[in-house]
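In case you want the letters, here they are:
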Amino acid sequence: MTIKSNPDNNIDTVVYLLPSLGSDHRLYQNFQVDGVEPIVIEYPKVDKKESITSYCKKIIALIQHENPILLGTSFGGILSQEISKIIPVKKVILISTIKSHLERSFFFTFCSSVRAYDWISIPYFKKYIQNRMKRAGLLETSESSRLYIEMLNDCDEDFLLWGFKQVCTWKCTHKKKNVVHIHGTADEVFAFDKINQDHQVENGDHMMIFNKPDELNALIETEIQKCVLQQS
């Protein structure tokens, strides 16, 4: 899916956007950077036993530009980094994610140790998240929380469970030179104090790509401009 940019601007750069686990193109509805055409990846069907490398090759088949710029949020950031191991990319912009299993929060390390992905019930998980947000009053007060629940309820359950396993078991120990990481200080999924980020967003939570668009769009624009200048 393509999110339309400002029609008054000449489009000279294409950026592929990879959503977080449990979300889709709606996550990026507030993305708008001058001179950029954003193309949101619609995740293909997953074989529950396939490797992350195999799945990334399915995504690569959807990419129609050489040396693309990839922007991945949360699990989309992990996929972006794996894709960059297979094909050349100009830049990977990471939002609200991790670059290494060493940055993973204790919750995911614990889930990995007990192999929670082998026995967790996805319908129960969805209901649990919704009830937690409801008790906290977020469904009444937070547009981003309501949006996430809508996207989560629409998400393919096989992909959700497979993706959860990948987050729990992903191993990576190095950061490539063409990777830039933007992280919020209030991220409730990947704790800020464990992240070695390039740009921090004060009070940015895990949905900041949606609910802090002005600040995020400005940072993304700066990084894309750097990339374009380096290539010229």
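Residues numbered from 1 in each chain as written. Predicted model: local features only at pLDDT ≥ 70, side-chain atom pairs only at ≥ 80, totals over all residues. Heavy atoms only, no water.

Formed by 73 residues in total, the largest nonpolar core has its most connected members in Leu71, Leu79, Ile93, Ile95, Phe159, Ile182 and Ile220. If one sorts the elements of this core by residue count, helix α7 (residues 157-169) sits on top with 6 residues. For Phe159, the residues in contact, after removing those within four places along its chain, are Leu21, Tyr43, Val46, Tyr55 and Phe75. (Core = buried A, V, L, I, M, F, W, Y, C linked by side-chain atoms within 4.5 Å. Buried < 20%, exposed > 50% of the residue type's maximum accessible area, 1.4 Å probe, protein only. Helix = DSSP H or I, 4+ residues; strand = E, 2+ residues; numbered from the N terminus. Contact = heavy atoms within 4.5 Å.)

Time to look at helix α9 (residues 213-231). Residues three or four positions apart in an α-helix share a direction because the helix packs 3.6 residues into each turn. Helix length check: α9 (19 residues) gives 26 Å between terminal C-alpha atoms against 27 Å at 1.5 Å per residue, within 8%. Inspection of α9 places Leu216, Asn217, Leu219, Ile220, Glu223, Ile224 and Cys227 among the buried residues, and these make up the whole buried set. Axial view of α9: buried residues confined to an arc of 165°, hence all on one face. Along α9, exposed side chains directed more than 90 degrees from the buried face belong to Asp214 and Leu229. (Expected span 1.5 Å × (residues − 1). Arc of directions from axis to C-beta.)

Let us now look at the sheet that holds strand β5 (residues 179-184). Ordered in space as β2-β1-β3-β4-β5-β6, the 6 strands form an open sheet in which the pairing is parallel. Every interior strand has two partners, whereas the edge strands, β2 (36-40) and β6 (199-201), have only one. The mean inter-strand angle of the sheet, taken between neighbouring strand axes irrespective of direction, is 20°. Pairing between strand β1 (residues 13-18) and strand β3 (residues 69-73): 4 bridges, direction parallel. Looking across to β3, one finds that Tyr16 is bridged to Leu70. Strands β1, β2, β3, β4 (91-95), β5 and β6 of the sheet are contacted by α9, whose axis makes an angle of about 165° with β4. (Pairing = 2+ DSSP bridges. Axes fitted to C-alpha atoms, helices over the stretch in contact; angles between N-to-C directions.)

Turning our eyes to something else, we now look at unusual backbone geometry. Phi angles above zero are rare outside glycine, and Ser74 is one such case at about 55°. As for its position among the elements, Ser74 is in the loop between β3 and α2 (75-83). Phi at Ser96 takes a positive value of approximately 55°, unusual for a residue other than glycine. With respect to the element layout, Ser96 can be found in the loop between β4 and α3 (106-113). For Ser96, a relative accessible area of 0% puts it in the buried group.

Looking now at the state of the cysteines. Counted according to the given criterion, the structure contains 0 disulfides. Counting only cysteine sulfurs, Cys172 is the nearest neighbor of Cys56, a cysteine outside any disulfide, at a range of 12 Å. A relative accessible area of 6% means that Cys172 is categorised as buried. (Disulfide = S-S within 2.5 Å.)

A separate point is the packing of helix α1 (residues 52-60) against α2. At a closest axis distance of 9 Å, the pairing of α1 and α2 adopts a crossing angle of 85°. Between α1 and α2, the interaxial angle falls into the category roughly perpendicular. Each of Ile52, Thr53, Tyr55, Cys56, Ile59 and Ile60 in α1 lies in contact with α2, whose residues at this interface are Ile78, Leu79, Glu82 and Ile83. Among the residues forming the contact of α1 with α2, the class breakdown is 8 nonpolar, 1 polar and 1 charged. (Parallel < 35°, antiparallel > 145°, perpendicular 65-115°, else oblique. Nonpolar A, V, L, I, M, F, W, Y, C, P; charged D, E, K, R; others polar.)

This model, assessed by the stated rule, comprises 10 salt bridges. In this structure, the salt-bridge partner of Glu223 is Lys91, at a minimum N-O distance of 2.9 Å. Taken together, the residues span a long stretch of sequence, with Glu223 in helix α9 and Lys91 in strand β4 at a distance of 132 residues. Using a relative accessible area of 4% as the deciding quantity, one classes Glu223 as buried. (Salt bridge = Lys/Arg side-chain N within 4 Å of Asp/Glu carboxyl O.)

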